[in-house]
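Architecture and fold: a report
Listed below are the residues making up each chain.
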Amino acid sequence: MNQHTTNYTNAFIQVADDCPAGSGEVPPVKGQPTAANIQFEMIRKNPYRFTSDDVIFEVYARKNDLTKAGYQAARTAFFSKGQPCLRASPLTKRYGWGVHSNAEGKIAIYGVETKEYAQFLKDKSLKLVKAMRASR
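Report on the accompanying structure. (Residues numbered from 1 in each chain as written. Predicted model: local features only at pLDDT ≥ 70, side-chain atom pairs only at ≥ 80, totals over all residues. Heavy atoms only, no water.)

When you go through the protein residue by residue, the secondary structure sums to 5 helices and 4 strands. Shown N-terminal to C-terminal, the secondary structure of the protein runs as helices and strands in the order β-α-α-α-α-β-β-α-β. A compact globule built from 136 residues would reach a C-alpha radius of gyration of about 14 Å, and the protein, at 15 Å, matches this within 12%. Along the first, second and third principal axes, the C-alpha set of the protein runs to 40 × 35 × 30 Å. (Helix = DSSP H or I, 4+ residues; strand = E, 2+ residues; numbered from the N terminus. Rg over C-alpha atoms; globule rule 2.2 N^0.38 Å.)

This brings us to helix α1 (residues 35–45). At 3.6 residues per turn, the α-helix brings residues three or four places apart onto the same side. For α1, every residue scored as buried is listed here: Ala 36, Asn 37, Ile 38, Gln 39, Phe 40, Met 42 and Ile 43. Against α2 (52–63), α4 (90–93), β2 (97–101) and β3 (107–111) lie the buried residues of α1. (Buried < 20%, exposed > 50% of the residue type's maximum accessible area, 1.4 Å probe, protein only. Contact = heavy atoms within 4.5 Å.)

We now examine empty space enclosed by the protein. Taken as a whole and judged by the stated rule, the model has 1 cavity of 30 Å³ or more. In this structure, the largest cavity occupies an estimated 50 Å³ of space. Along the walls of the largest cavity sit Thr 6, Asn 7, Tyr 8, Ile 13, Ser 52, Cys 85, Leu 86, Val 99, Ser 101, Gly 105 and Ile 107, which together make up its complete lining. Residue classes in the lining of the largest cavity are distributed as 6 nonpolar, 5 polar and no charged. (1 Å grid on protein atoms, 1.4 Å probe; cavity = no way out; pocket = protein on both sides within 12 Å on 5 of 7 lines; lining within 4 Å. Points joined across faces, edges and corners; volume = space filled by probe spheres on them. Nonpolar A, V, L, I, M, F, W, Y, C, P; charged D, E, K, R; others polar.)

Counting residues in each nonpolar core, the largest one holds 38 residues, and the members touching the most others are Ile 13 and Phe 57. Setting aside residues up to four positions removed in sequence, Phe 57 forms contacts with Leu 66, Tyr 71, Ala 74, Arg 75, Phe 78 and Phe 79. (Core = buried A, V, L, I, M, F, W, Y, C linked by side-chain atoms within 4.5 Å.)

Among the structural elements, Asp 53 can be located in helix α2. The contact partners of Asp 53, leaving out residues within four places of it in the chain, are His 4, Thr 5, Thr 6, Asn 7, Arg 75 and Phe 79.

This part is about the pairing of β2. Counting buried positions along β2 gives 5 out of 5 residues, so the element sits mostly inside the fold. Here strand β1 (residues 11–14) runs beside β2; their pairing, made up of 3 bridges, is antiparallel. When the sheet's bridge partners are listed, Ile 13 is paired in β2 with Val 99. Pairing of β2 with β3 involves 5 bridges; the strand directions are antiparallel. Looking at the pairing, Ser 101 lines up with Ile 107 of β3. Remark: 5 residues form the turn of the hairpin made by β2 and β3, two consecutive strands paired antiparallel; Gly 105 in that turn has positive phi of roughly 85 degrees. (Pairing = 2+ DSSP bridges.)

Where α2 contacts helix α3 (residues 71–78), the two axes come as close as 11 Å, and the packing angle between them is 110 degrees. Considering the angle they form, α2 stands roughly perpendicular to α3. Here Asp 53, Asp 54, Ile 56, Phe 57, Glu 58, Tyr 60 and Ala 61 of α2 lie close against α3, whose contacting residues are Tyr 71, Ala 74, Arg 75 and Phe 78. Here the contact of α2 with α3 is built from residues that sort into 7 nonpolar, no polar and 4 charged. (Axes fitted to C-alpha atoms, helices over the stretch in contact; angles between N-to-C directions. Parallel < 35°, antiparallel > 145°, perpendicular 65-115°, else oblique.)

On to the pattern of salt bridges, then. Oppositely charged side chains can form a pair if their charged atoms are brought close together. Summed over all chains, the structure comprises 5 salt bridges. In this structure, Arg 94 and Glu 25 form a salt bridge, with 3.2 Å as the shortest nitrogen-oxygen distance. Highlighted residues: Arg 94 in the loop between α4 and β2 and Glu 25 in the loop between β1 and α1, separated in sequence by 69 residues. The class for Glu 25 is partly exposed, based on a relative accessible area of 27%. Residues Arg 62 and Glu 41 are paired through a salt bridge, measuring 3.5 Å at the closest nitrogen-oxygen approach. Separated by 21 residues along the polypeptide, Arg 62 in helix α2 and Glu 41 in helix α1 bring together distant segments of the chain. Given the relative accessible area of 34%, Glu 41 is considered partly exposed. Connected via shared salt-bridge partners are Glu 41, Glu 58 and Arg 62. (Salt bridge = Lys/Arg side-chain N within 4 Å of Asp/Glu carboxyl O.)

Shown next, in the form of structure tokens:
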């Protein structure tokens, strides 16, 4: 079975052109954690620990109440078809966070207002990609 991936290496995902946030915002918590809440919690507290695939799958696992025992089989099935990457994440589209992927594909987030964000935009060794726009 073919395995798809959402991982980037040596890349930076810029916020969407139509992102309303002028700085990195913490996604508000409203009852059950949203995809944005889970992604933010994982990446912000653990910079360069997880890959995009790890984060995307964890959102799926939590939303579907998967047990740790079933993770491996579920992950294989989940990535047997293509999944939206972090370019489609609310963090990059709505909340003002850019996503840096290092050489190992591990990720961290940076607010659009930070000096690190500006430095990533100038880094010629990185592949720059824009987050998807919220509207066409």
